[in-house]
Amino acid sequence: MGKRYGDGTAAVTALTGIDLEIGAGERLVVQGPPGGGKTTLLRLLGGLERPTEGRVLLDGVDLGSLGDRALTRLRARRIGFVPRRPVLVATLTVQQNVEAALVPLGLKGAHRRRTAAEVLDAVGLADLRSAPPGRLDPEQRQRAALARALAKDPAVLLADDPTGDLPAPDRAPVMSHLHHAWRDRGLTLVLVTHDTAVTSSARRVGTLRGGRLALDARRTATR
Ligand SMILES: Nc1ncnc2c1ncn2[C@@H]1O[C@H](COP(=O)(O)OP(=O)(O)OP(=O)(O)O)[C@@H](O)[C@H]1O
C-alpha cells in the first residue's frame, strides 16, 4: 500500500510499495530518518488515515471498507496508541483520563474505575491515580498514556517513539513496561523507536526511508 498527501505538484509521497504482514502477537520495531514515513505508517495501521493505494487489513477486515463510524468504533475497541507527546486532560485525574478511554466500550462506571485502577497499578502509577496530570513528570506521563492505551485491552498497540522526548535515564522504564505489556498480554506491537537497546534486541526491525520499508531479512528469518 501507499500514501500520498496532497495533489499535483504539491503531492508528497509519504509511503510507497509497502508490503507488510504482521502476525498476531508479533512485535515489529520501526526505525528510520525524520520524514521517512514512520508516523504515517502507524496512522494507516491504526485507521487514522486511509491509504491512497492498496489496503490495510486487520484480521482480514479491510479498514478502508469501513465507514467513519465503524472505523472509530474499531479503533476505540481494538487499537491502542501511545504517541511521543501524549495529551492528558488537565481537569481530570490521571485515573479519569484512563477511564475516558473506556467510555466508547460501553462499560459501566464501576467497571471502568476498576479496569483503570488495575492498569495504572500495572504500570506503577497506583499512587498517582487521584493526581492531576500536571503532577506527573514526563516519564510518568508516558506510563499514564500507556495505561490509557492498554485499558481497553487492545489487540494492537501502536507506539510512536514513546521515549523520544525523554531524558536518557527515563527511557528504560517506559520501554520495560511496553515490553511487558506486549509479552504478557499477547498483543501485537508496532513500535517506532530509535532506542538502540530495543532495535538491537528485536527479532523484526523495519527501516523506513523515503517512504520505502526495508525489513531486516536476517532477523525476519528467525521468526
Ligand atoms: N498531513 C500531512 N500533509 C502533508 N504531508 C505530510 C503530512 N504528514 C506527513 N507528511 C509528509 O510525509 C512524509 C513522511 O512523514 P512522517 O511524519 O510519516 O515521517 P516520520 O518518519 O514519522 O518523521 P519524524 O521522524 O520526523 O516524525 C514527510 O515528507 C512529511 O512531510
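To be clear, the structure that these remarks concern was listed above.
Below: a short report on this structure. As the structure is a computational prediction, the values presented were derived from the model and not from experiment.

**Describing the overall build of the protein**
(1) Moving on: Along its length, the protein carries 8 helices and 10 strands.
(2) Moving on: For a compact globule of 223 residues, the expected C-alpha radius of gyration is about 17 Å, and the protein comes in at 18 Å, within 12% of that figure.
(3) Moving on: For the protein, the spread of C-alpha atoms along the three principal axes comes to 50 × 40 × 35 Å.
(4) Moving on: When burial is assessed residue by residue, the protein has 46% of its 223 residues classed as buried.
(5) Moving on: Residue pairs in contact within the protein that sit at least 24 positions apart in sequence constitute 67% of those at least 6 positions apart.
(6) Moving on: A total of about 11200 Å² of accessible surface is found on the protein, and carbon and sulfur atoms cover 49% of it.

**Describing the pairing of strand 7 (residues 156–160)**
(1) Moving on: Of all 5 residues that make up strand 7, 5 are buried, and the element is covered over most of its length.
(2) Moving on: Bridge count for strand 6 (residues 79–82) against strand 7 is 4 bridges, and the pairing is parallel. Its bridge partner being in strand 7, Gly80 is matched across the sheet by Leu157.
(3) Moving on: Here 5 bridges tie strand 7 to strand 8 (residues 188–192), and the two strands are oriented parallel to one another. Directly across from Leu157, in strand 8, lies its bridge partner Leu189.

The rules behind the values
Position labels on residues start from 1 in each chain and follow its written sequence. At least 70 in pLDDT is required for a residue's local features to be given in this predicted model, at least 80 for side-chain atom pairs to be given and counted, and no such filter applies to totals for whole chains, interfaces and linings, which use all residues. In computing side-chain values, all of the structure's heavy atoms are included and hydrogens and water are not. Only DSSP runs of H or I reaching four residues or more are called helices, and only runs of E reaching two or more are called strands; each is numbered from the N terminus. In this description the radius of gyration comes from C-alpha coordinates, and the expected globular size is given by 2.2 Å times residues to the power 0.38. Using a 1.4 Å probe on the protein chains alone, a residue whose accessible area is under 20% of its type maximum counts as buried, one over 50% counts as exposed, and one in between counts as partly exposed. The contact criterion used is simple: two residues touch if any of their non-hydrogen atoms lie within 4.5 Å. Here the open area of atoms and residues is found with the Shrake-Rupley method and a 1.4 Å probe, where only the protein chains shown may cover a residue. Any two strands with at least two DSSP-identified bridges between them are counted as paired.

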